[in-house]
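For reference, the chains in residue letters:
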Amino acid sequence: MSIFLDKNSRVIVQGITGAEGSYHADRMVKYGTNLVGGVTPGKGGQTTPHGLPVFDTVKEAVEATGATHTCIFVPPPFAADALYEAYEAGITFAVCITEGVPVHDTLKVVGTTIGMRIIGPNCPGLISPGKALVGIMPGHIFKEGRVGVMSRSGTLTYEVVDLLTREGFGQSTCVGVGGDPIIGTTFVECLREFKNDPQTGALVLCGEIGGSDEEDAAAFIAEHLPEMPVVAFVGGRNAPPGKSLGHAGAIISGNFGTPQSKIAAFQAAGVPVADRPSDIPRLLAERLAVRA
Amino acid sequence: MNLMEYQGKELFKRAGIAVPRGEHAFTPDAVGTFIEENPGEWVVKAQVLMGGRGKAGKIKMASDAAQGRRVAEEILATPMPPNRQNPQGEPIKSLLVEEKLDIAKEAYCAVAIDRAARKPVFIVSRYGGMDIEEVSERHPESIEKFPVDTAIGYSPFIGRALAFAAQLDPGYRKQFPAIAGALYELFFRYGAKLVEINPLALTSDGRVIASDAKVELDDDALFKNPEFAQWHAVLPLDEDETLAAQAGVGIRNFRRFPGDVGTMANGAGLAMATMDAVSNAGGQIANFLDVGGGANAQRVRNCYELVVNNTGATVFFINIFGGITRGDEVARGVVEAMRETRSRKIPLVIRLTGTNEEEGRRILAQAGMTPVETMDEGASEAVRLAAEMRG
């Protein structure tokens, strides 16, 4: 098992003939993802260098291939449209890689596409190592195993996974939830899935300053996953107070959002917080030893 | 992008929210002429993004043209003084002349984005005219919130419910639902992250008027309203933001600090972790720099020059973990930067791994550079070199 994605998931790429779309489609195929086709309006009928069919619309792609998953590589002005098109075509799982999607577009999409799981936007996607990769993660640093990983950052996720793999901790699924203020899937929603995944036996959560996802995740762990070995990291302890943290945004989340608030929330939930990414494998080993 | 008060009020007017009668002016003469032609009691307000104008003496009353000229001169004579959030202060380039309102009550109304609920949220308080942070400390019970379902949008019952829950003065009640609706429309129409009326004034003759306007627009949505490019041009960028824009990275991707270890990483999360790593290794950070995703050789070169020419960096730690950013491109950028730049040369510590790392390392090796293996190793090496440079 794994969450959200396995080797049978039928995946299409929206924007498959663009520079980034075709480059990463190639990498997904090479990783073993069950990529069944792609969509670029106006290029229907063509085939990719792998012989995958290109369709004009998501609906045609779904009808012809039975796709359930999509990976979106379209420019920011068209991302919401791509997500709505996927939703209307019956796609149930969408990864939106695009960075710079207007926050109101995301607000409307997540508020209306009920029943479609969205990862991102502004995210590196996800990977169930040894099974499938949907997104832009560098597959070779991952290794199949039991640690579920979730992160708000792209490159920091790779950093952490690389360390885990080097220390022998393989991963069940790694989800880059995305760095935007509004995202389709939060840490808590990932935790709900990991909770029911028999492959996942430990968790690593990489948060950062801003928002309250880390505090919410800590509360969920305390209530629903008290037995699960979990290690957290909070990036940005030396960051200047972000401009976006100010004013009404800070009011909504009360005192949440600061590194101190997040670290305190994890500690209250019994989750050790690593001072640096390279401490994560050691802390995880300690947690697993305590449990054993 | 934060708007000036006069710009925010222009959007309020378009949305049908009443604002004080007034004129945007650039010179004391323009202020004087306006008051001459429109006799009465006027308020002259500095147009800046910083808060605290009243306390800084940058809002003054004028009863006639001569006084208008005089207070305008006084306001324009000196910039806004620095405060904790704005250590550089802010120059004052223009003024807003507005009718002096006879205010009976002041309330607060805003629409913002609730990250956790993933919805727009109304925030209303019967206490206005002070920072909402201060209201939340002194009268936390007075703050009422209402998250809006985007599939439904605004409906007047929301305004009515908020007016009752926040115990707004009865004088507000009839007009408030329409104002709240207009504010919500404006929020979506222009892609705002925050629209705030503080204070929302109730005048003694029963009018409800937006006495101030704070609007923060989503930079990612500016393409939907091309006119904002001109509005943006008059806004002050601080020095870091200006430098970032010149280097072709996002204005929030670069920030300077007093230390001597320059840093650059791809992705904000890794860039923050890189700064943390330098601190953990006992070093002082010279800057935060996120080179962005998919960075090409040209951008990397710009970033190198951005750091060596504008910070106190004596050593430069480049930390790249490639996903969408390809290691070979970064390596080419670094090599080109070092070959072609006329900027001063400082020691580089390069950590390069992830997508196309072998090719990237080969390019660096050919140019006589040796990448380090891990972030901690790179941070320690950079801190060691910086200490050496200090002698």
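My aim in this report is to walk through the structure given alongside it, one point at a time. By convention here, each chain's residues receive numbers from 1 onward along its written sequence. Following the order in which they are written, the chains are lettered starting with A and the ligands numbered starting with 1. With the structure being a predicted model, the display of local features is reserved for residues of pLDDT at least 70 and the display and counting of side-chain atom pairs for 80 or more, all residues being used for whole-chain, interface and lining totals.

**Observations regarding the overall build of chain A**
And step 1. What counts as a helix is a DSSP run of H or I of at least four residues, what counts as a strand is a run of E of at least two, and both are numbered from the N terminus. For chain A, the helix and strand inventory stands at 10 helices and 13 strands.
And step 2. The size measure is the radius of gyration over C-alpha atoms, and the globule rule it meets is 2.2 Å times the number of residues to the 0.38 power. The C-alpha radius of gyration of chain A comes to 19 Å, within 12% of the 19 Å expected for a compact globule of 292 residues.
And step 3. Backbone-placed C-beta atoms define the burial measure: a residue is buried with 20 or more other C-beta atoms within 10 Å of its own, exposed with 12 or fewer, and partly exposed in between. Counting all 292 residues of chain A, 59% fall into the buried class.
And step 4. Throughout, a pair of residues is in contact if the C-beta atoms placed from their backbones lie within 7 Å. Contacts in chain A between residues at least 24 apart in sequence constitute 71% of all its contacts with a sequence separation of at least 6.

**Let's talk about unusual backbone geometry**
And step 1. Look at the link from Gly120 of chain A to Pro121 of chain A: it is a cis peptide, with omega at 5 degrees.
And step 2. Here Pro121 of chain A lies in the loop between strand S6 (117–119) and strand S7 (125–128).
And step 3. The amide bond that connects Asn198 of chain B to the next residue, Pro199 of chain B, takes the cis arrangement and shows omega of 5 degrees.
And step 4. Locating Pro199 of chain B in the fold gives a position in strand S8 (residues 192–203).
And step 5. Despite not being glycine, Arg118 of chain B has its phi angle at roughly 55 degrees, a positive value.
And step 6. On the secondary structure map, Arg118 of chain B appears in the loop between strand S5 (103–114) and strand S6 (119–125).
And step 7. The residue Gln167 of chain B is not glycine, and still its phi comes out positive at about 55 degrees.
And step 8. Checked against the element boundaries, Gln167 of chain B lands in the loop between helix H5 (156–165) and helix H6 (170–173).
And step 9. We classify Gln167 of chain B as partly exposed; it has 13 C-beta atoms within 10 Å.

**Details of the environment of Ala247 of chain B**
Residues and elements named next belong to chain B.
And step 1. As for its placement among the helices and strands, Ala247 is situated in helix H9 (residues 239–247).
And step 2. Taking the C-alpha atoms as reference, Ala247 lies 10.0 Å from Val307; in sequence the two are 60 residues apart.
And step 3. If sequence neighbours within four positions are ignored, Ala247 has contacts with Asn302, Cys303 and Leu306.

**Considerations on the interface of chain A and chain B**
And step 1. Counting residues at the interface gives 49 residues for chain A, matched by 51 residues for chain B.
And step 2. Broken down by secondary-structure element, the contributors of at least two residues to the side of chain A that touches chain B are helix H4 (103–112), helix H5 (155–166) and helix H8 (247–252) of chain A.

**Some remarks on the pairing of strand S2 (residues 35–39) of chain A**
All names here are of chain A.
And step 1. Counting buried positions over the 5 residues of S2 gives 5, a clear majority of the element.
And step 2. Two strands pair if DSSP finds at least two bridges between them. Bridge count between strand S1 (residues 11–14) and S2: 4 bridges; the pairing is parallel. Looking at the pairing, Ile12 lines up with Gly37 of S2.
And step 3. A crossover connection joins S1 to the parallel S2 through helix H1 (residues 19–31); in handedness this β-α-β unit is right-handed.
And step 4. Pairing geometry for S2 and strand S3 (residues 54–55), over 2 bridges, is parallel. Residue pairing in the sheet places Val39 in a bridge with Phe55 of S3. Place the viewer so that the strands point away; then a crossover is right-handed whenever the path from the first strand over the helix to the second strand goes clockwise.

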